[in-house]
Amino acid sequence: MYFIIEDAINGILMGSIYGLTAMGLTIIFGVLKVVNFAHGSMLMVGMYLAYWTVTLSGIHPYLAIVLVAPAMFLFGYYLQNIVIKPIFIAEKNVREPLTVIIVTTGIWYILDNITLLIFGPQYRGLADNPLRGQMLELGEMFISVPKLYGCVTAIVTALGVYWFFQKTDMGRAIRATSMDREAASLMGINQYKIYNVAFGIGAATTGIAAVTLVPFYNVFPTVGVLFDIKGFIIVVLGGLGSIGGALAGGIIIGLIESVGPQFMTATWTEAIVYGLFLLVLFVKPSGLFGQKHDW
Amino acid sequence: MKKGEALQALSPNFLRAGNSSSSKANGECILATQGGKTKREEPMRILRTFAVPALAMSMLAGSYATGHAENVKIGNIIPLSGPSATLGQQGKAAREMAVEEINAAGGIKSLGGAKLELVFADSESKPEKGVAEAERLINTEKVNVLTGCWNSAVTYPTTAVAERYGIPFVVPVSVSDKITDQGFKTVFRIAAKDSWWTRDQFSFLKDMEKEFGTKVERLAFVYENGDWGKGFAGQWKELAEKGGYKVVLDEPYPSTATDLSPVVQKIRRSKADVLMLVSNAADAILLTNTLAEYKVKLKAIIASGGGHADPSFLTATGKNAQYLFDIVEWETDVNKPGAKEANDKYKAKYGQNLTGEAVDAYVAMYVLKDALERAASLDPEKIREALAATDLSSGPGMIVGYDSVKFDTTGQNENASLVMVQVNDMGKGLERITIWPKAARRAGYTPVFPMPEK
Amino acid sequence: MTHKQINKAAFIVVLLIAFGLPLVIRSATYLHILVLLFFYAYLTTSWNLVGGFAGVLPLGHAAFVGIGAYTSTILFLQYGISPWLGMLVGGVLATMAGILIGLPTFKMRGAYFALATIAFAEGFRVIVENIDFLGPFNVNGPRGLQIPPLNTGLGNFLFTGKEPYYYIILIMLIAVLVLTWIISRSKLGYYLNAGGEEPEAAMALGVNVARAKLIAMAMSSFLTAMAGTFYAQFTLYIHPKSIISLDLSFEIAFIALIGGRGSIAGPILGALLLRPVGDFSRIYFGDTLPGLHLIIFGLVLILVMNFQPRGLQEPLTRLYNRLVQRITQKTTGEIG
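Residues numbered from 1 in each chain as written. Chains lettered and ligands numbered in written order. Predicted model: local features only at pLDDT ≥ 70, side-chain atom pairs only at ≥ 80, totals over all residues.

Q: Sorry, what's going on with the overall build of chain B here?
A: The helix and strand inventory of chain B stands at 15 helices and 14 strands. Counting only residues that meet the buried cut, chain B has 52% of its 454 residues in that class. Counting contacts in chain B only where the partners sit at least 6 residues apart, residues at least 24 apart contribute 66% of the total. (Helix = DSSP H or I, 4+ residues; strand = E, 2+ residues; numbered from the N terminus. Buried ≥ 20, exposed ≤ 12 C-beta atoms within 10 Å, placed from the backbone. Contact = placed C-beta atoms within 7 Å.)

In structure tokens, the structure reads:
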């Protein structure tokens, strides 16, 4: 009995971190209506940033958020502004420019391989950080402390982003644009600036996720690819554009990954995750918390 | 008819190959949405679209321009990018070091002092790229011999290509039994077959039980879900049955998993005595750290080289890896003349210790030199015969733990043997210490078995 | 000469060159590169039936390649059935899979559809990697299946030289191109296009868009599976990570997109331009700058999508047409 609870807790903690990594993706998808295939690479960039920040300055890993989040915001903002915006301008009348998927894939290939060239393929880990290997022991159960920190960060970030979108002017402008592009621009909102900001926020959230992962996960050039596909699955499960949905989707995946192996080998849980993904796509494509879209 | 006309109005022009009046209208519309590019920018666009094929053409021409020298060309197909890149790079470094030494000592004397020239090709760990590169190295680069490919999955089809052309192929590292069991005449493998690795792992275990008077009953098998892992696991199951052990866990896992705590939980709950692992670098690190975090109590952990032998493994796991047993071809403290010097030289040059795989690549170069000297010819058949007759037991290349390199009729190096190391601290920080076979054990060290409570 | 006559002449010249190349190029390396080039051109043209004509973005076509390759290989290795027959069986299985996938997914819009195809392909790959035996069939999981290069001959679809493979894939490519051309001029072609651009209007006119898309999907998956068999017989080794890989699915789609999906020449142009770039940058830079060819590929993707979103076939076709017009004017000017 203990086993299932212990696994479930690990699943929820890890899952909320997955949700945090997917949050940027769902924001970008919700506002710009495009799937950012470079998402995994952005996570990887965030992880390298966090790694080097901590290694060079010796500060506590979570303090690195102060540097990583704004840096990632600018990275995302300008990435959208310079590389992706021209497509939006060119395909003004298309509701969902699929060519953006292709451009973001190009960005993915470039980022991953430039990182390989610059930093080499080695696996790096934060060897001596205060969070490493810390476990909370409740009776027979072990709870990983870095994952606990990660879960709390995920919830706080989710609440923060939600508050931003509900209560601030910029946030409301972004929501307006995502619901109806033309109407929003009629109200004087600069559509492209909104996209830049939204992309920046998505990137910043991903940066925060990167900081949570670095204390207990390896950093290497292709680390993003693992989280990329998972991110898509989480985002669809939870509903595109829904912050809470991203967290919920992540937790579901985390639970399957942690509790599943008790009943089958770990390799089959992968197949189950894909199966669940397809089930949701067919039965309720808008996801658990998404709204029904007309697109 | 009306339906057809309506539909025609809806469909864009690019489905039809020729010009027509309706297409012109659409064409103008497209121009408009693209922001009204003017006629002046046409030449630029044409230039741009031709840049890529022009570049490709010039590269084609360039390949014909490379001249031929009087050297012996050795083609090497290894993973220089992709998931096994770190290991491919080590193989490259080891080969380069060996060839430098050989050339500095006068090259191949029976060929008039001909130098060895290395040509590298990136397999990206993908079989089809390995095959393509083999074709290219044989036909365009005109290499005299091939070596490679690290990943067994790449080595199978690539050796088939060499076999077809009759080009000798020396396999330094890939362990899969199948490689020498295919009946190919041109394949020569330096490393031990994977059935030997598993056999030795179990012999070691029995020896440890005897030496320390500790009984081992329950075994847990945790392995990466690829060719290598599954191959080992299959053999482990047979060996466990023969040895009278009970297998309490048989868990393949995806090497790319982002969280291995569920697997570790299963290990913990299986109450196994000994855990046997087959892992690549990232998951080896993750598993070791997670096992330590969950304070899993085991009598011993026996790894299978690969990821556990990767230089970045110790740096990334530190104390968590203490007391780990690992089986490898070679370790830096092996008791052979020249081994320490070679390792120091390599470390000074490349910043890391030699690994078993790197040593295999190093030895492969010396095996080739020896064969070329005896063949005294660049004819592939003569080289192949010379390789088949190899009995190399001395010389700067022989820093391996065993006595000589000798190929049996299937091309397998029959003397290849393995050593077991334990990760421990003998006062100078954590290092890998050779402990088995007992004759190879480092002086002054007694292995720790079973693992003490940490 | 009229425009049409010049077109015909151009086609004949290209055909002659294509069939005559192996007589001129003796190097096995370059023949190998050409075979793979035609292979990708074939794959992207088959993909185009769904991805171009039907206007959706399928990113999981490698699954069909895998179905074709595994079906024919298992039948050949275990039962000695000729790969030609196995090719057809694989095609049929792939068609069934394609229709099964298409039925629920075609209702989805753009990005959802793309993600669903990715999930199918990856899920299929994970399943193949995990099973050693599917009933009586030896699938061998991640270790893959190897075809021993014995008993060569047309009946066994095994050859020692590259030339036979070259001609086979060339004929397959021409067949697929002809098929695409026929469809583009047929009612099916118009239905697909209308359904892609303005589905509501099309349906209002009574077009069964869903059925058209399914037919396109069925054809595409059948043809793609046949390529899987070819690949297995050419490289003699298949395993899930190489043949059901996301990389392959993406590469097929992106080559078609860069060349210009929805057009007939687009996919081939894309293959002709991009495959050499990938091959040559690996050859020349693979040992010093690993991964460079992926960076180049990424840059090309971004640049083309930014400047030529309908694909490179557009400016190239326009150039071609202008050249032809100039020739027509010159020749009719002289005669008249």
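Back to the text.
Q: Looking at this structure, how should I read the environment of Ile243(A)?
A: All names here are of chain A. When you line up the elements, Ile243 lands in helix 10 (residues 243-259). Along the sequence, Ile243 and Gly19 sit 224 residues apart, while their C-alpha atoms lie 8.8 Å from each other. Once residues lying within four places of it in the same chain are set aside, the contact partners of Ile243 are Met23, Thr26, Ala158, Val161 and Tyr162.

Q: What's the story with the sheet that holds strand 14 (residues 430-436) of chain B in this structure? I'm lost.
A: Backbone hydrogen bonds are what pair the strands of a sheet, in a parallel or an antiparallel way. All names here are of chain B. Read from one edge to the other, the open sheet built from 7 strands follows the order 7-6-8-9-10-13-14, with strand pairing classed as mixed. Every other strand in the sheet has two partners, leaving strand 7 (246-253) and strand 14 as the edge strands with one partner each. Ignoring which end each strand starts from, the neighbouring axes of this sheet average 25 degrees apart. Relative to strand 7, strand 6 (residues 218-224) runs parallel, the two being bridged by 7 bridges. (Pairing = 2+ DSSP bridges. Axes fitted to C-alpha atoms, helices over the stretch in contact; angles between N-to-C directions.)

Q: Quick question: what am I supposed to make of the pairing of strand 13 (residues 419-425) of chain B here?
A: A regular strand places its side chains so that they alternate between the two faces of the sheet. Residue and element names in this part refer to chain B. Of all 7 residues in strand 13, 5 are buried, a share of seventy percent or more. Both strand 10 (residues 325-328) and strand 13 contribute to a ladder of 4 bridges, which runs antiparallel. Residue pairing for strand 13: Ile327 is matched across the bridge by Met420. In this sheet, strand 14 lies alongside strand 13 in antiparallel orientation, the contact comprising 6 bridges. Across the sheet, residue Asp425 finds its bridge partner in strand 14, namely Leu430. Connecting strand 13 to the antiparallel partner strand 14 that follows it, the hairpin turn spans 4 residues, and Gly427 within it adopts a positive phi of roughly 110 degrees.

Q: When you look at the pairing of strand 1 (residues 72-78) of chain B in this model, what are you seeing that I'm missing?
A: Residue and element names in this part refer to chain B. Where burial is concerned, most of strand 1 is hidden: 6 out of the 7 residues are buried. Of the strand pairs in this sheet, strand 1 and strand 2 (residues 116-122) are connected by 7 bridges, and their pairing is parallel. Across the sheet, Gly75 pairs through a bridge with Val119, a residue of strand 2.

Q: Would you explain the nonpolar core in this entry?
A: Considering soluble globular proteins, one finds that nonpolar side chains tend to be buried as a cluster. Met47(A), Ala198(A), Phe39(C) and Ile169(C) are the most contacted members of the largest nonpolar core, which totals 342 residues. Of the residues forming this core, the biggest block, 15 residues, is contributed by helix 9 (residues 209-235) of chain C. Two domains each provide a minimum of three residues to this core, namely domain 2 (72-192 + 337-406) and domain 3 (195-328 + 418-440) of chain B. With residues up to four places along the chain from it excluded, the contact list for Ala198(A) reads Ile27(A), Ile28(A), Val31(A), Leu32(A) and Ile174(A). (Core = buried A, V, L, I, M, F, W, Y, C linked by C-beta atoms within 7 Å. Domains from an automatic or database assignment.)

Q: Sorry, what's going on with the sheet that holds strand 5 (residues 187-189) of chain B here?
A: All names here are of chain B. In spatial order, the strands read 2-1-3-4-5; together these 5 strands make up an open sheet with parallel pairing. Each having just a single partner strand, strand 2 and strand 5 make up the two edges of the open sheet. Taken over all neighbouring pairs, the strand axes of this sheet differ in orientation by 25 degrees on average, direction set aside. By the bridge criterion, 4 bridges tie strand 1 to strand 3 (residues 145-148) in an arrangement that is parallel. Each residue of the ladder has a partner; that of Ile77, found in strand 3, is Gly148. Contacting strand 1, strand 2 and strand 3, helix 5 (residues 127-139) runs over the sheet at an angle of about 170 degrees to strand 1.

Q: It is not clear to me how the environment of Gly259(C) should be interpreted in this structure. Could you clarify?
A: Residue and element names in this part refer to chain C. Note that Gly259 resides in helix 11 (residues 246-259). Of the residues examined, Gly259 has 29 C-beta atoms within 10 Å and is grouped as buried. Note: C-alpha distance between Gly259 and Asn130 (129 residues apart in sequence) is 36 Å. Ignoring any residue separated from it by four or fewer positions in sequence, one finds Gly259 in contact with Gly266, Pro267, Ile268, Leu269, Gly270, Ala271, Gly311, Leu312 and Gln313.

Q: I tried to follow unusual backbone geometry on my own but got confused; where do I start?
A: Apart from glycine, the bulk of residues carry a negative phi angle, and the bulk of peptide bonds sit in the trans form. Residues and elements named next belong to chain B. Note that the residue after Gly148, namely Cys149, is joined by a cis bond; omega there is -10 degrees. Put simply, Phe449 and Pro450 share a cis peptide bond, and its omega is -5 degrees. Tracing the sequence through the fold places Pro450 in the segment after strand 14. At Tyr323, a position not held by glycine, the phi torsion is positive, near 80 degrees. Note on placement: Tyr323 falls in the loop between helix 12 (311-317) and strand 10. Residue class for Tyr323 comes out partly exposed when judged on the 19 C-beta atoms lying within 10 Å of it.

Q: Is there a simple way to think about helix 5 (residues 145-167) of chain A in this case?
A: Helical geometry note: an α-helix holds 3.6 residues per turn, so side chains three or four residues apart project in the same direction. Residue and element names in this part refer to chain A. With 23 residues, helix 5 extends 32 Å from end C-alpha to end C-alpha; this agrees with the ideal 33 Å at 1.5 Å per step. Taken together, the buried positions of helix 5 are Pro146, Lys147, Tyr149, Gly150, Cys151, Ala154, Thr157, Val161 and Phe165. Residues of helix 5 that are buried sit in contact with helix 1 (2-32), strand 2 (141-144), helix 6 (169-179), helix 8 (191-213) and helix 10. (Expected span 1.5 Å × (residues − 1).)

Q: Sorry, what's going on with the packing of helix 9 (residues 223-238) of chain A against helix 10 of chain A here?
A: When two helices pack together, their arrangement is given by the angle between the helix axes and the distance between those axes. Residue and element names in this part refer to chain A. The contact between helix 9 and helix 10 brings their axes to 7 Å, and the two run at 120 degrees. In terms of crossing hand, the pair formed by helix 9 and helix 10 is right-handed. For the pair helix 9 and helix 10, the contacting residues are Lys230, Ile233, Ile234, Val235, Leu237 and Gly238 in the first and Gly245, Ala246, Ala248, Gly249, Gly250, Ile252 and Ile253 in the second. When grouped by side-chain class, the residues that make up the contact of helix 9 with helix 10 number 8 nonpolar, 4 polar and 1 charged. (Left-handed = near helix turned anticlockwise from the far one by under 90°. Nonpolar A, V, L, I, M, F, W, Y, C, P; charged D, E, K, R; others polar.)

Q: Explain the interface of chain C and chain A to me, please; I cannot follow it from the model alone.
A: Size of an interface: often given as the accessible area lost when the parts come together. Opposite the 33 residues of chain C that make contact, chain A presents 37 residues. Elements supplying a minimum of two residues to the side of chain C that touches chain A: helix 5 (110-130), helix 11 and helix 13 (292-307) of chain C. Of all the elements, helix 5 of chain C adds the most residues to the side of chain C that touches chain A, at 13 residues. Grouping the amino acids of the side of chain C that touches chain A by side-chain chemistry returns 25 nonpolar, 6 polar and 2 charged.

Q: Can you help me understand the environment of Glu270(A) in this one?
A: Relative to the elements of secondary structure, Glu270(A) occurs in helix 11 (residues 266-283). Accessibility expressed as a C-beta count within 10 Å gives 25 for Glu270(A), which makes it buried. Aside from chain neighbours lying at most four places away, what touches Glu270(A) is Pro254(B) and Val126(C).

Q: What is the right way to read the confidence of the model for chain B from this model?
A: Detailed reading of the predicted coordinates is not advisable wherever pLDDT is low. Residues and elements named next belong to chain B. Counting all residues, the mean pLDDT for chain B is 81, and 85% of those residues have values of 70 or more. When the elements of chain B are averaged for pLDDT, helix 2 (residues 21-33) gives the smallest value, 36, and strand 8 (residues 274-278) the largest, 95. Taken together, the stretch residues 1-42 has pLDDT below 50 and engages in 33 contacts with residues farther than four places along the chain or on a different chain. Throughout residues 58-69 the model reports pLDDT below 50, and contacts reaching past four residues in sequence, or to other chains, amount to 4 contacts. (pLDDT = per-residue confidence, 0-100.)

Q: Just checking my understanding: could you explain the confidence of the model for chain C for this structure?
A: Residue and element names in this part refer to chain C. Considering every residue of chain C, the mean pLDDT works out to 84; 96% of them sit at 70 or more. Within chain C, no element has a lower average pLDDT than helix 8 (residues 199-204), which sits at 72, and none a higher one than helix 3 (residues 62-79), at 92. Here the predicted complex scores 0.79 on pTM and 0.82 on ipTM.

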